[in-house]
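# Residue-level structural notes
So the chains spell out like this:
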Amino acid sequence: MPQDAAGTVGARMNPQVDSLIRAAQRGDQDAFEQLVRVYDQSVLRLAMNLLRSPEDARDVYQEAFLRVYRNLQTFRFDCSFHTWLYRIVTNICLDQLRKRKVRKEEAAVVETSEGPVDRMDLFEEEHAAADPERVTWNRQLGNRIESALGGLTPRERMVFELRHYQGLRLRAIGDILGTTEEAAKNCLFRATQKMRGVLGDFV
Amino acid sequence: MTCESALALIPLYHYGELTPEREDSLEAHLHECGSCSQAMDRQRALARALDRRELQPPSLLVEDCRADLMAAIQGGAAGGARPPSKGLWTLFLEALGGTFAGMGRMRQPLAAAALVGLGFFGARLTGTKAAANAGNAVQPAYTTVRSISTTGAGRVEIAVDDTSRRVVSGGLDDPAIQQLVLAGSREDNPAVRVESVDLLKGRAASGEVRDALLNALAHDANPAVRMKALEGLKALAGDAQVRQVLAQALIKDDNDVIRMQAVDLLVAQRDDSMVGVLQNLVQHEDNNYVRLKVAKALKEMNASVGTF
């Protein structure tokens, strides 16, 4: 059996997915809902980690799956559904990242008395009564990581996110982003170089 | 292997993206070279630090997103009860037809449902056309239309974002261009929608275009878009589904110019199935032009103008 390009998510390894797609294409809403549930957590995770904002992640989720709903008829099984879905999702996320670059706006960062902080860190700290020294160090590292990631181009950021956090192979990432494995490789290399440059002695 | 080439391979090695041969030669180099071996350690430390910032979406957020999505698809309010068994298509037909009872109240949710409904089912009806374009690089599913402009001689230039930004151009007869213009008619940006519907209005003979125009007239928030859609539908004013959407516009559009044009198109031909709608309208209509037109049409159909 040919390995699904996406590898880890295993769209082709789940024999139910194809029949869910076909049923949804026939207008079966329950099948569509089940299909969404197969993929939606990883889509939301990608959007949350890329955009660092639950509201933006929510918007990405909604727009992506509505596009899937509206365009499911055009899906012809000539690539894996995972690849098709991720083309939609990555396009929407890239769009958001580009807009942020243009606006020079760090939606994910909030000002506090201790300087700018990733709002997701605040979100996590509410749940953890961690020791203050550790919190401070983590916050500094967190800020440094955010600025390292902020220095990447939207495309480098996307390749890095898909490889590091989503565990997709570079070949699959190339398919999703409409480029070659080699170009994805170069992007990943540039991304790690830039981050190491910014993080310096922190890691 | 030189240190320079080893350093270039370290990130790929870390992510398991090297061929076994290159992995072997890199490992041999790392074994011999202290500074490259330290670089490898830094790569691992970077990865660990990045791992710590990974977020998992809270389950509540996942549930909320699912509820929002299904509400948008089914036309209900977020978090509200889902209609038990009515399919989208049924909801859509109900929205277009029947007595129009409660249409004003339901306008927003139904608009959402019907918008999605047309996309979904419209595509089903014209699936073969979409298949013909499958090999083309432009796929409306993952394309955002930024702007549309005409460049003369029937050619259109469309700026799109998919995985990268680019401009495509071609004639409207090109199915890929037409798909993009159709996608443009559903964009958030009203300027893009106006331009798209304007280009589509001369091509209502195609089922897909007709659906897009009906959708725009029934549900677009922007009156300029609705107006252009109405112009495009003029040639199809005899079609039953088009007439239903025209009647809907006549009853509930808040723009008088659109309503005046809709009434002209509707009464231009005798249609007994419209008697109920017109009788109801003539009782409550504030716009003189519309009321007189409707009354005249009812008289021609020998239908009562008064209450009953």
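Residues numbered from 1 in each chain as written. Chains lettered and ligands numbered in written order. Predicted model: local features only at pLDDT ≥ 70, side-chain atom pairs only at ≥ 80, totals over all residues. Heavy atoms only, no water.

### Structural notes on the overall build of chain A
When you go through chain A residue by residue, the secondary structure sums to nine helices and two strands. Put simply, chain A runs from its N terminus to its C terminus through helices and strands in the order α-α-α-α-β-β-α-α-α-α-α. The buried share among the 203 residues of chain A stands at 57%. The contacts of chain A with a sequence gap of at least 6 include a subset with a gap of at least 24, amounting to 66%. Total accessible area on chain A is roughly 8,800 Å²; 49% of this is exposed by carbon and sulfur atoms. (Helix = DSSP H or I, 4+ residues; strand = E, 2+ residues; numbered from the N terminus. Buried < 20%, exposed > 50% of the residue type's maximum accessible area, 1.4 Å probe, protein only. Contact = heavy atoms within 4.5 Å. Areas by Shrake-Rupley, 256 points an atom, 1.4 Å probe, with all protein chains shown as cover.)

### As for the confidence of the model for chain A
Regions with low pLDDT should not have their predicted coordinates read in detail. All names here are of chain A. Taken over all residues, the pLDDT of chain A has a mean of 81, while the share at 70 or more is 76%. Confidence over residues 1-12 falls short of pLDDT 50; this stretch has 27 contacts with residues more than four positions distant or in other chains. Across residues 123-128, confidence stays below pLDDT 50; counting only partners more than four residues off in sequence or on other chains, it has five contacts. (pLDDT = per-residue confidence, 0-100.)

### Concerning the nonpolar core
The biggest cluster of nonpolar side chains holds 84 residues, and the ones touching the most others in it are F32, V68, F81, L85 and F160 of chain A together with L69 of chain B. Broken down by element, this core gets its largest block of residues, 12 residues, from helix α2 (residues 29-51) of chain A. If we skip the residues at most four places from it in the chain, F160 of chain A touches L149, Y165, L188, A191, T192 and M195 of chain A together with Y15 and L50 of chain B. By size, the runner-up hydrophobic cluster in this structure holds 56 residues, among which are I158, L213, A216 and A297 of chain B. (Core = buried A, V, L, I, M, F, W, Y, C linked by side-chain atoms within 4.5 Å.)

### A few points about the state of the cysteines
In the structure shown here, the tally under the stated rule is zero disulfides over all chains. Sulfur of C33 of chain B: no disulfide; nearest cysteine sulfur belongs to C36 of chain B and is 3.6 Å away. (Disulfide = S-S within 2.5 Å.)

### Observations concerning the pairing of strand β2 (residues 155-161) of chain B
Residues and elements named next belong to chain B. Within β2, five of the seven residues are buried, which leaves the element mostly enclosed by the surrounding structure. Of the pairings in the sheet, the one linking strand β1 (residues 144-152) to β2 comprises seven bridges and is antiparallel in character. Directly across from V145, in β2, lies its bridge partner V160. (Pairing = 2+ DSSP bridges.)

### Observations regarding the packing of α2 of chain A against helix α7 (residues 154-164) of chain A
All names here are of chain A. Look at α2 against α7: their axes get within 11 Å of each other, and the N-to-C directions meet at 130°. Classed by the angle they form, the pair α2 and α7 counts as oblique. Here the hand of the crossing between α2 and α7 comes out right-handed. Together, L46, N49 and L50 of α2 and R157, M158, E161 and L162 of α7 make up the contact between the two elements. Here the residues of the contact of α2 with α7 sort into four nonpolar, one polar and two charged. (Axes fitted to C-alpha atoms, helices over the stretch in contact; angles between N-to-C directions. Parallel < 35°, antiparallel > 145°, perpendicular 65-115°, else oblique. Left-handed = near helix turned anticlockwise from the far one by under 90°. Nonpolar A, V, L, I, M, F, W, Y, C, P; charged D, E, K, R; others polar.)

### A few points about the interface of chain A and chain B
With 70 residues of chain A at the contact, the number on the chain B side is 58 residues. Three residues stand out in chain A for area buried against chain B, namely Y69, R70 and R196 of chain A, and they jointly supply 12% of the buried area on that side. One can count eight salt bridges joining chain A with chain B. The salt bridge partner of E146 of chain A is R53 of chain B, with a shortest N-O separation of 2.8 Å. Along the contact surface separating chain A from chain B lie 21 residue pairs in polar contact (both at pLDDT 80 or more). Looking at which element gives the most residues to the side of chain A that touches chain B, the answer is α2 of chain A, with 12 residues. Here the side of chain A that touches chain B is composed, by residue class, of 31 nonpolar, 13 polar and 26 charged. (Buried area = accessible area lost by both parts, 1.4 Å probe. Salt bridge = Lys/Arg side-chain N within 4 Å of Asp/Glu carboxyl O. Polar contact = N/O pair within 3.5 Å; in protein donor to acceptor, adjacent residues only side chain to side chain.)

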